[in-house]
Amino acid sequence: MAHSIKRIRTLALVGQAGCGKTSLAEALLVKSGSVPPGGSVERGSTVCDYHPLEKQLQHSLKLAVASFESQETRIHLLDTPGYPDFLGHALPALAAVETAAVVINAQNGIEMMTPRFMQWAAKRGLDRLVIVNKIDADNVDCEALLERIQQVFGKECLPLNLPAGKRSRVSDCFFAPSGEASSGEVDFSSVEEAHRKLVDQVVEVDEKLMESYLEKGEVTPEELHEPLERALREGHLIPVVFTSAKTGAGIAELLEVIVKLLPNPAEGNPPAYITIPAAGGEPADLQPVPDPGRHVLAHVFKIEIDPYIGRLAVFRVHQGRVTPGTQLYIGDGRKPVKAGHLFLLKGKQQTEVSEGLPGDILAVAKIDEIQFDHILHDSASDAQVHARPLELPVPVFGLAVQSKKRGDEQKVSDVLHKIIAEDPCFRIEHNAQANETVMRGLGEIHLKAVLEKMSSQYKLDLDTRPPSIAYRETIAARADGHSRHKKQTGGAGQFGEVFLKVEPLPRGKGFEFVDSVKGGSIPNQFIPAVEKGVRGVLQTGYLAGYPLQDVRVTVYDGKHHAVDSKEVAFVSAGRKAFLDALGKARPIVLEPIVNVQITAPETKMGDVAGELSGHRGHIKGSDAPRPGTVQISAQAPLSELEHFPARLKSLTAGHGSYSMEFSHYEPAPPQLTQKLVAAHRPAVQED
């Protein structure tokens with residue numbers, strides 16, 4: 001098959017866990033003739049769930065790539081995990097595709113993650129497709145579900161096909177406008193009515209076509225193609241298709257939609273890159289051009305490290321042509337590396353290819369310098385080019401860990417850093433105050449999967465316990481500080497004097513250091529020393545030993561001595577002046593607040609709400625995604641949620657689930673502040 005940009009499609013399957021994304025990917029691979037039938041999640045034999053732990057747990061833990069060909073078209077299909085805990089593996093898929101296919105379980109309807117994926121995809125300017133899967137299941141009302149989809153996501157959600165034969169097949173509403181392809185009545189509405197609504201929606205973006213349509217009363221699918229692409233790009237149309245990965249209903253039709261209607265890399269909205277000037281300044285937008293003749297720009301959106309094979313970097317080509325042997329720069333690296341072999345991926349299977357064009361998703365092996373989110377380029381002048389940052393959730397769920405076996409500490413550290421390289425929502429912190437190593441992720445399931453992987457893949461077992469809470473400190477008022485450091489030791493002395501002021505910054509702004517010294521009262525060469533002294537206090541805090549944030553420090557005056565002034569003197573003066581100011585600036589302790597999403601049986605809503613309220617939680621809203629189930633949105637202090645997973649399990653008899661993500665910091669209540677300050681004092685006295 002001739003390799004052409006026009007014959008490339010990229011598609012990410014996203015949605016709630018349990019909606020059947022992996023089974024859908026398998027069904028598409030089978031229908032295209034790329035794999036033999038028979039693979040199933042239950043038997044652990046699908047292409048996309050190829051890790052031993054995924055087979056054991058029967059759900060996806062990582063982003064998987066399955067590239068295959070159908071109707072002379074190369075399709076790059078990305079299968080993503082659906083649990084909120086694994087968003088670090090799901091969201092990067094949106095940076096690699098033109099189309100986000102949001103999969104909905106026909107039995108369960110719109111679940112917690114469905115609107116979030118729709119919003120993320122819209123924010124990134126992706127075409128969106130809704131796939132209603134599992135239409136063969138019992139107690140499914142496709143008509144009511146379509147109404148609900150339109151109610152939640154808008155009237156632009158229109159069906160390209162409709163269930164027919166009591167959901168045993170589907171009837172096309174786009175390619176066969178007369179309904180002749182339908183061998184019988186559809187289960188609801190009609191092919192003609194659905195087709196008319198589609199045409200009405202699409203022609204709205206093209207005035208000439210609308211005039212023609214009003215005159216003739218009909219347009220052909222060929223005439224609709226270009227305005228359809230535009231309607232998809234602008235979000236003016238979100239097609240809905242019905243499928244059953246289990247019975248095969250709608251799978252051939254979905255493949256037809258992917259090949260004939262979804263955009264190629266030249267038709268989708270271009271990804272946003274940014275250039276960050278080396279000398280500083282505001283970043284500027286840069287749009288890659290899907291032209292093989294230009295210089296190479298490619299984005300690394302997945303890293304996988306296998307104990308035996310080594311590092312595999314998966315990237316999307318956005319501009320230029322990549323071939324084996326292409327000299328590629330990695331990020332802002334100054335020394336190029338040679339991409340010796342390029343691979344197409346189909347799960348764990350790697351097929352070597354001779355080139356990659358814009359739109360292709362390829363992998364390169366055993367180049368350790370490549371990290372997640374790097375830009376690969378073949379021109380040294382592109383060193384300052386970056387991908388637009390992914391808005392990934394901040395990992396807040398923590399476990400303090402320690403190796404069970406003495407002597408394994410270095411091995412544990414090495415393995416944890418490999419997992420960090422693979423997972424952008426996994427962090428490791430060392431809390432010096434509590435002398436503990438804390439791993440942080442997006443939830444209990446996330447960290448449990450990490451521990452399981454360390455045990456099964458790397459033969460490492462860890463002891464775990466709840467970590468210390470990541471409190472912070474800040475100030476609530478402006479204040480001035482002053483310190484003079486003077487030391488005479490017989491020979492040359494030490495002298496430095498600093499005047500500074502502190503003021504609170506808006507929550508989440510971090511730290512700012514401002515030099516407003518006039519007239520050389522502190523020579524320029526000593527300003528970095530003052531900043532070093534100030535920054536030394538940021539980590540140790542003032543009240544209870546927690547890091548300081550959301551503070552601006554402005555150094556405005558001082559004194560120096562022509563002979564005795566040294567860097568060490570200004571480091572000390574800066575530190576003490578900062579401490580002097582903090583004591584007058586009403587220092588306070590901040591505690592982390594998290595957003596909590598809880599799904600539970602409707603009958604247990606009162607119990608769950610009571611449990612949250614009893615731990616300083618606030619209910620923000622609730623919804624009923626399906627009969628008998630309630631979805632609660634709340635905020636609560638992280639410190640109050642240590643035992644919440646166990647309590648939720650107990651209250652709902654194991655039928656409740658939750659996810660949480662960091663929201664913001666808030667001042668801690670006085671009682672908690674007093675307790676933390678009191679606990680810190682003995683530690684300070686011991687030092």
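Analysis parameters
Residues numbered from 1 in each chain as written. Predicted model: local features only at pLDDT ≥ 70, side-chain atom pairs only at ≥ 80, totals over all residues. Heavy atoms only, no water. Salt bridge = Lys/Arg side-chain N within 4 Å of Asp/Glu carboxyl O. Helix = DSSP H or I, 4+ residues; strand = E, 2+ residues; numbered from the N terminus. Buried < 20%, exposed > 50% of the residue type's maximum accessible area, 1.4 Å probe, protein only. pLDDT = per-residue confidence, 0-100. Contact = heavy atoms within 4.5 Å. 1 Å grid on protein atoms, 1.4 Å probe; cavity = no way out; pocket = protein on both sides within 12 Å on 5 of 7 lines; lining within 4 Å. Points joined across faces, edges and corners; volume = space filled by probe spheres on them. Nonpolar A, V, L, I, M, F, W, Y, C, P; charged D, E, K, R; others polar. Pairing = 2+ DSSP bridges. Core = buried A, V, L, I, M, F, W, Y, C linked by side-chain atoms within 4.5 Å.

Draft legend 1. Focus on the pattern of salt bridges. For the structure shown, the criterion picks out 26 salt bridges. Between lysine 197 and glutamate 193 there is a salt bridge; the shortest N-O distance is 3.3 Å. Of this pair, lysine 197 and glutamate 193 both sit in helix H6 (residues 191–203), four residues apart, which is roughly one turn of the helix. Given the relative accessible area of 39%, lysine 197 is considered partly exposed. Glutamate 193 sits in the partly exposed class, given a relative accessible area of 31%. Connected through salt bridges with shared partners, the residues Arg478, Glu503, Glu512 and Arg552 form a single ionic network.

Draft legend 2. Structural context of the confidence of the model for the protein. Mean pLDDT over the protein: 89, with 96% of residues reaching 70 or higher. Segment residues 179–183: pLDDT under 50, and six contacts once partners within four positions in sequence are set aside and those in other chains are kept.

Draft legend 3. Looking closely at the layout of surface pockets. Computed from the structure, the second largest pocket encloses a volume of approximately 680 Å³. Those elements giving two or more residues to the lining of the second largest pocket turn out to be helix H2 (52–57), strand E2 (64–70), strand E12 (297–306), strand E13 (310–319), helix H10 (409–422) and helix H11 (444–458). If one sorts the elements of the lining of the second largest pocket by residue count, H11 sits on top with six residues. Among the residues forming the lining of the second largest pocket, the class breakdown is 16 nonpolar, eight polar and 10 charged.

Draft legend 4. Quick look at the pairing of strand E18 (residues 361–365). Within E18, four of the five residues are buried, which leaves the element mostly enclosed by the surrounding structure. Looking at chain direction, E13 and E18 are connected through five bridges and run antiparallel. Bridge pairing links valine 314 to alanine 363 in E18.

Draft legend 5. Representation of the nonpolar core. Formed by 103 residues in total, the largest nonpolar core has its most connected members in Leu13, Leu78, Ile131, Val132, Ile149 and Phe242. With near-sequence residues (within four places) excluded, leucine 13 lies in contact with Lys21, Leu24, Ala25, Leu77, Leu78, Asp79, Thr80, Ala101, Val103 and Ile131. Counting residues in hydrophobic clusters, the runner-up holds 32 residues, among them Val401, Met454, Ala600 and Tyr658.

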